[in-house]
Each structure stands twice: as structure tokens, then as C-alpha cells.
Amino acid sequence: MNDIHTSSIRRREIVVIGAGLTGLTVAYELARKNKDVEVLEQQDHIGGQIRTYTENGFTFESGPNTGVISCPEVAELFESLSPECRLETACEDSKRRLIWKKGKFRPLPSGLLSAVCTPLFSFKDKFRILGEPFRPKGTDPDEPVGLLARRRLGNSFLHYAVDPFLSGVYAGDPMKLVTRYALPKLYNLEQNHGSFIRGAIAKAKAPKTERDRLATKKVFSAQGGFGHLVQALGRAIGNDRITLSVKGVTVEPAGQGWRVSFLSAAGEKQCIDCEKVVTTVGAYALPALLPFVEKEDMDKIAALHYAPIMQIAVGLHDTGGKKHPAFGGLVPSCEKKDVLGILFPSSCFDGRAPEGGMLFSYFVGGVRHPEYLDKTDEEIEQMVRETLHSMLGYPEDVRPDLVRIFRHRRAIPQYDVGSGARFETIDKLQRAYPGLVLAGNIKGGIGMADRIRQAVSVAAGLS
């Protein structure tokens with residue numbers, strides 16, 4: 001510790017720890033209300049897993065590729081940042097979703113006729129779905145999504161709709177993800193209306209305000225990639241309010257407020273005394289960050305498991321005229337393939353690939369195959385070449401013009417049976433320690449819209 005310089009202490013009204021989407025949005029909303037806020041980030045850049053790269057004519061992400069405008073806060077955030085950062089909604093092709101079955105990507109049904117004709121689901125389950133509105137609702141509050149899907153829809157819907165969907169969203173196991181935590185809207189459809197179908201009809205008929213209509217349910221990105229959203233938030237907050245490359249951050253109660261201590265990039269010990277502090281870091285980082293919390297309580301939060309994900313950006317300059325008019329293809333676990341799914345970003349958004357080319361985004365690993373992240377780059381590139389041929393239909397001699405590999409050891413939190421205890425403990429700690437807010441993907445959902453909605457709510461509560 002001989003390289004640590006003399007400590008310095010400064011004051012802020014609010015400190016936000018973590019410069020991912022949640023932390024940046026919280027700080028941005030507070031700054032708009034003239035709050036004295038500072039963001040601390042251990043990495044040398046803002047955005048967390050969200051980074052956009054432009055290379056060799058391709059624009060690709062290392063983290064999330066898309067979100068869904070499921071709440072008004074998404075549209076409102078982009079509107080407030082315009083014209084510096086613009087919301088981009090996916091083209092019509094994004095409504096087409098593919099599922100791999102028996103050696104081929106097949107479209108998910110989009111209407112009654114396609115639902116009757118699809119080979120994805122068994123005839124028995126297609127007929128059985130007519131009785132879905134009349135089945136009794138579940139009584140197990142911790143029922144996994146997989147058991148719920150099997151009970152209400154049948155095995156083929158579980159294997160060829162629910163399982164790949166959860167692989168795409170959570171990279172998780174439907175038999176471990178608890179419905180009321182992982183998919184609360186789906187859970188509430190059954191609990192409040194007795195049926196998915198009846199619930200969906202009731203929701204469609206419910207009156208909507210002008211603000212409600214901002215939640216269009218469309219797939220979105222930022223124009224030019226999510227990196228533009230991150231950078232626009234950072235500029236709006238101000239460089240003097242964001243401190244990067246900090247180490248050893250700890251938070252302790254101090255008088256009527258809080259003391260946040262850390263080492264700067266230069267090795268200087270610094271302290272910030274503040275009235276309120278917001279953490280947006282992963283559950284695994286909280287024990288060291290909040291040493292004053294009793295171990296019994298912290299263990300209930302830190303037990304949150306994160307699925308590992310490898311994302312691979314794959315580009316072709318020339319597809320030979322081959323088109324991929326879809327959002328992408330997901331792979332059910334029962335099909336035993338190396339990939340969880342392959343998205344088609346350049347089919348959804350402009351400027352992601354050169355004219356006549358194509359950008360793919362592969363997802364590999366997840367809770368079922370964490371060992372895949374230990375494959376060498378050479379093994380991954382070989383897998384990419386093989387799947388271009390076997391799954392995407394390109395000739396065997398086609399070689400990708402771009403392969404960029406991003407490994408995320410702790411990518412997606414799994415909202416399993418332990419989530420209830422985690423949520424209760426978070427609420428307990430926030431009541432016991434006024435001015436402390438525990439936010440981020442440890443609660444409130446994992447999607448881009450979930451992060452934005454939570455951040456806006458947190459900022460409103462601190463204003």
C-alpha cells in the first residue's frame with residue numbers, strides 16, 4: 001500500500017456506484033433535476049457490458065443487441081436525449097422469429113393458419129390449447145416456468161417455444177426459473193385472469209392513456225448501436241461527475257449519511273461523504289462493497305447466480321444474395337446444438353453490415369453449458385464456420401469476414417427460487433438504512449427496458 005497517496009474527502013448529495021445502464025440512467029435523471037450526483041465505476045469505461053464497435057464495415061455489440069419498448073420510460077428517455085441519441089425501432093422483418101427443429105429453422109406461428117400448420121408443436125397440443133382458458137390456475141407460487149408451460153400448453157410448447165425463449169432471454173433453464181420472478185407478467189395473467197388467453201384479451205381491451213401507448217412493444221436499439229445511448233448519457237451527466245477505474249470501493253454509514261471510500265486510478269485514497277448512495281453493481285460485488293451488512297442477510301443477496309454467455313459477432317461482406325428476413329433463430333435445448341441462438345441484427349437495423357452483407361450475433365454457453373466459454377478462439381471460429389454451413393445454409397467454402405468473441409462470465413442473473421428471499425432482504429436493508437438504495441439487475445428484471453424503468457423510479461424516489 002506504499003503507493004497510496006494522501007486521502008482526500010469531498011461531499012456530494014448522492015453517489016451512484018456502477019456506470020452500467022441502470023447507474024447512468026439514475027445519474028442522468030438526477031442531474032436533470034439539478035441534484036449533486038457522482039458516479040463511480042471500476043472499469044475504465046462507462047456502459048458495463050454495453051459496448052458498440054465499428055470494424056471492417058460492420059457495427060456490432062459486445063453486450064445486448066436489442067430491447068423491447070415495454071414501458072413508456074424507454075421512449076421518454078430517448079426523447080429527452082434527442083437529437084444527440086435517437087431511438088431506432090426494428091423493421092418489420094424483426095417480427096419473424098425462428099426456432100430450430102430437426103435440422104431447420106422454422107418460423108414461430110404469427111396467426112391462426114400458421115399456428116395450425118406449424119410443425120413446431122404436436123397436433124395434440126395444438127388441439128389442447130383450445131382448452132387453455134378453462135384449466136384451473138396454478139397454486140404453487142414458486143412454480144418454474146417450464147412446469148407452468150407444460151401444465152397449460154403441453155410438452156411441445158415447452159420444448160419449442162418456452163425453452164428457446166428463455167434461452168434467448170435468460171440463457172437459463174425453464175425448470176429452475178420461477179415464473180413470478182422471471183416472467184411476472186405471464187404469472188399475473190394466470191393468477192389475475194385464470195388463463196393466458198383470457199388475460200391477454202383483457203389486457204388488450206384495457207383502456208390506455210397516451211403515455212401507456214408509448215410502450216409500443218417494438219424491438220429497439222439506439223441509432224448506430226447502444227454505445228451511442230451510453231455515451232449520450234455520459235455526456236449529459238458530465239465527465240466531472242463520473243470517476244472511472246476506481247478500486248476497493250466500500251460504503252459505510254456515517255452520521256446521518258454515508259461515507260464512500262475508494263482508491264482512484266492514481267492510487268490515491270479518496271472519500272465522498274454523501275446523503276444517499278445507490279448501488280447498481282452485481283450481487284457478487286455487494287459483500288465487499290457493503291461490509292456493514294450482516295453475513296446472513298448478505299448471503300441471501302449474493303447467492304444470485306449469473307449465467308455465463310459468449311457472444312460472437314460474425315460478419316459476411318457478401319451473402320451471395322442470400323437473405324435472412326427475421327429477428328433471428330433460437331435453438332431449443334432438446335436439439336443439442338452448440339449455440340443458444342443466432343440473431344440477425346443487420347436484418348433489423350440499418351447500417352449494421354455493408355450493402356449486400358450480413359451481420360450475425362451468436363450466443364453460446366448459458367447455465368447448461370458454462371464450459372463452452374473455455375473453448376479456444378480457434379475452436380469457436382471453427383464452430384462459426386460449421387454453423388454458417390449447417391444452420392444458415394451457406395456453402396462449405398464460405399468463410400466469415402469478421403469474427404469477434406466476447407466472453408461474459410457473469411452475464412445474466414437467474415431469477416430462481418431464491419429470488420423471493422433476495423427481494424425481501426433488499427427491502428429490509430433499505431428500510432433499516434435510509435438513504436441506501438440497492439438497484440441494478442439484482443431485482444426488477446433483466447431487460448433493457450427493465451433497467452431504464454427501474455432507474456427512472458429510483459431517481460424519482462431520491463428527488
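Residues numbered from 1 in each chain as written. Predicted model: local features only at pLDDT ≥ 70, side-chain atom pairs only at ≥ 80, totals over all residues. Heavy atoms only, no water.

- The protein carries the name Coproporphyrinogen III oxidase in an unreviewed UniProt entry, which gives Bacteroides pyogenes as its organism.
- In its Function (unreviewed entry) section, the UniProt record describing the protein reads: "Involved in coproporphyrin-dependent heme b biosynthesis. Catalyzes the oxidation of coproporphyrinogen III to coproporphyrin III." (UniProt positions renumbered as here; feature names shortened; annotations may be inferred.)

### A few points about the packing of helix 2 (residues 72–81) against helix 16 (residues 448–462)
At step 1: In the contact formed by helix 2 and helix 16, the axes pass within 8 Å of each other and the chain directions differ by 75 degrees. Looking at the two axes, helix 2 sits roughly perpendicular to helix 16. The segment helix 2 lies against helix 16, with Glu-73, Val-74 and Leu-77 engaging Ala-449, Ile-452, Arg-453 and Val-456. (Axes fitted to C-alpha atoms, helices over the stretch in contact; angles between N-to-C directions. Helix = DSSP H or I, 4+ residues; strand = E, 2+ residues; numbered from the N terminus. Parallel < 35°, antiparallel > 145°, perpendicular 65-115°, else oblique. Contact = heavy atoms within 4.5 Å.)

### With respect to empty space enclosed by the protein
At step 1: Tallied over the entire structure, the rule returns three cavities of 30 Å³ or more.
At step 2: Its volume calculated, the largest cavity comes out at about 50 Å³.
At step 3: If you trace the largest cavity, you find it lined by Asn-65, Thr-66, Phe-327, Leu-343, Phe-344, Pro-345, Cys-348, Phe-349 and Arg-352.
At step 4: As a volume, the second largest cavity reaches approximately 50 Å³.
At step 5: Every residue lining the second largest cavity is listed: Gly-138, Thr-139, Asp-140, Glu-143, Leu-148, Arg-151, Thr-179, Tyr-187, Glu-190 and Gln-191.
At step 6: Put simply, the parts of the chain that give the lining of the second largest cavity at least two residues each are helix 5 (145–152) and helix 8 (184–193).
At step 7: Among the elements that line the lining of the second largest cavity, the one with the most residues is helix 8, at three residues.
At step 8: Residue classes in the lining of the second largest cavity are distributed as two nonpolar, four polar and four charged. (1 Å grid on protein atoms, 1.4 Å probe; cavity = no way out; pocket = protein on both sides within 12 Å on 5 of 7 lines; lining within 4 Å. Points joined across faces, edges and corners; volume = space filled by probe spheres on them. Nonpolar A, V, L, I, M, F, W, Y, C, P; charged D, E, K, R; others polar.)

### Re the UniProt feature "domain: Amine oxidase" (unreviewed entry) in the protein
At step 1: Feature annotation in UniProt places "domain: Amine oxidase" (unreviewed entry) on residues 21–442, given in this structure's numbering.
At step 2: Taken end to end, residues 21–442 is 32% helix and 23% strand, and its two terminal C-alpha atoms sit 14 Å from one another.

### Remarks on the side chain of His-408
At step 1: Within the secondary structure, His-408 is located in strand 18 (residues 402–413).
At step 2: A residue is classified by how much of its surface remains accessible, and His-408, at 14% relative accessible area, is buried.
At step 3: Polar side-chain contacts of His-408 include one of 2.7 Å to the backbone oxygen of Ser-62. (Buried < 20%, exposed > 50% of the residue type's maximum accessible area, 1.4 Å probe, protein only. Polar contact = N/O pair within 3.5 Å; in protein donor to acceptor, adjacent residues only side chain to side chain.)

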